[in-house]
Amino acid sequence: AARKAATTMPRGARPVQAVSLGHGTYDLDPDNASILVCGGGGVALQVTKKLKDMGAWVWQLQRTDVRRAEIEKMMAIVAKGDAMNPESLEKVMAGIEDV
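Residues numbered from 1 in each chain as written. Predicted model: local features only at pLDDT ≥ 70, side-chain atom pairs only at ≥ 80, totals over all residues. Heavy atoms only, no water.

Q: Teacher, can you tell me more about the overall build of the protein here?
A: Check the secondary structure of the protein and you find 3 helices and 5 strands. Order of helices (α) and strands (β) in the protein, N terminus to C terminus: β-β-β-α-β-α-β-α. Counted over contacts in the protein with a minimum sequence separation of 6, partners at least 24 positions apart contribute 32%. Accessible area of the protein: about 7100 Å², with a carbon and sulfur share of 55%. (Helix = DSSP H or I, 4+ residues; strand = E, 2+ residues; numbered from the N terminus. Contact = heavy atoms within 4.5 Å. Areas by Shrake-Rupley, 256 points an atom, 1.4 Å probe, with all protein chains shown as cover.)

Q: What is the right way to look at the pairing of strand S4 (residues 57-62) in this model?
A: Along a regular strand, successive side chains alternate from one face of the sheet to the other. When you tally the buried positions in S4, you get 5 out of 6 residues, the bulk of the element. Of the crossover connections in this fold, the one passing from strand S3 (residues 34-38) over helix H1 (residues 42-53) to the parallel S4 is right-handed. Sheet analysis places S4 next to strand S5 (residues 77-80), joined by 4 bridges and oriented parallel. Bridge pairing in S5 links Trp-59 to Ile-77. (Buried < 20%, exposed > 50% of the residue type's maximum accessible area, 1.4 Å probe, protein only. Right-handed = clockwise from strand over helix to strand, strands pointing away. Pairing = 2+ DSSP bridges.)

Q: What should I look at first to understand the pattern of salt bridges in this one?
A: Any two side chains of opposite charge can pair if their charged atoms end up close together. Inspection of the entire model under this criterion finds 4 salt bridges. With its nearest N and O atoms 3.1 Å apart, the salt bridge here joins Lys-49 to Asp-53. With Lys-49 and Asp-53 both in helix H1 and 4 residues apart, the pair spans about one turn of that helix. Residue class for Asp-53 comes out exposed when judged on its relative accessible area of 57%. One salt bridge in this structure joins Asp-65 and Arg-68, with 3.1 Å as the shortest N-O distance. Using a relative accessible area of 40% as the deciding quantity, one classes Asp-65 as partly exposed. The exposure class assigned to Arg-68 is partly exposed, which follows from its relative accessible area of 28%. Salt bridges here are not isolated pairs; linked through shared partners, they connect Asp-65, Arg-68, Glu-72 and Lys-80. (Salt bridge = Lys/Arg side-chain N within 4 Å of Asp/Glu carboxyl O.)

Q: Please clarify how the pairing of S3 should be interpreted in this entry.
A: Strand direction decides the pairing type here: S3 and S4, joined by 5 bridges, are parallel. When the sheet's bridge partners are listed, Ser-34 is paired in S4 with Trp-57.

Q: Even after reading the chapter, I still don't get H1, so can you show me in this structure?
A: Helical geometry note: an α-helix holds 3.6 residues per turn, so side chains three or four residues apart project in the same direction. For H1, which comprises 12 residues, the first-to-last C-alpha distance of 16 Å matches the rise-based estimate of 16 Å (1.5 Å per residue) to within 8%. Buried within H1 we find Ala-44, Leu-45, Thr-48, Leu-51 and Lys-52. Along the long axis of H1, the arc covered by the buried residues comes to 130°, so they all point the same way. Turned more than 90 degrees off the buried face of H1, the exposed positions are Val-43, Gln-46 and Asp-53. Residues of H1 that are buried in the fold lie against S3, S4 and helix H2 (68-73). Backbone geometry just downstream of H1 places Gly-55 in the positive-phi region, at approximately 95°. (Expected span 1.5 Å × (residues − 1). Arc of directions from axis to C-beta.)

Listed below in structure tokens is the structure:
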């Protein structure tokens, strides 16, 4: 569910930008946020590109290096692992938190 913008904003807060990721509009402000995208298909690549265009730091979880060049060309970081493996996810998340 999308959240509604408050009528008054706290000091220093930035307004949330409404974003369409292809299936509706959502309140999302990923500028300078670290975000992990799991998946290596076309949808994951589109989401990664959109998030990068909005100023996010994006890690894309990949089982193989097949799309590494395409992901790195977008200035996203390839994280090697499998989204179905909890240890793999923990390792990637720890790396993101260290940044």
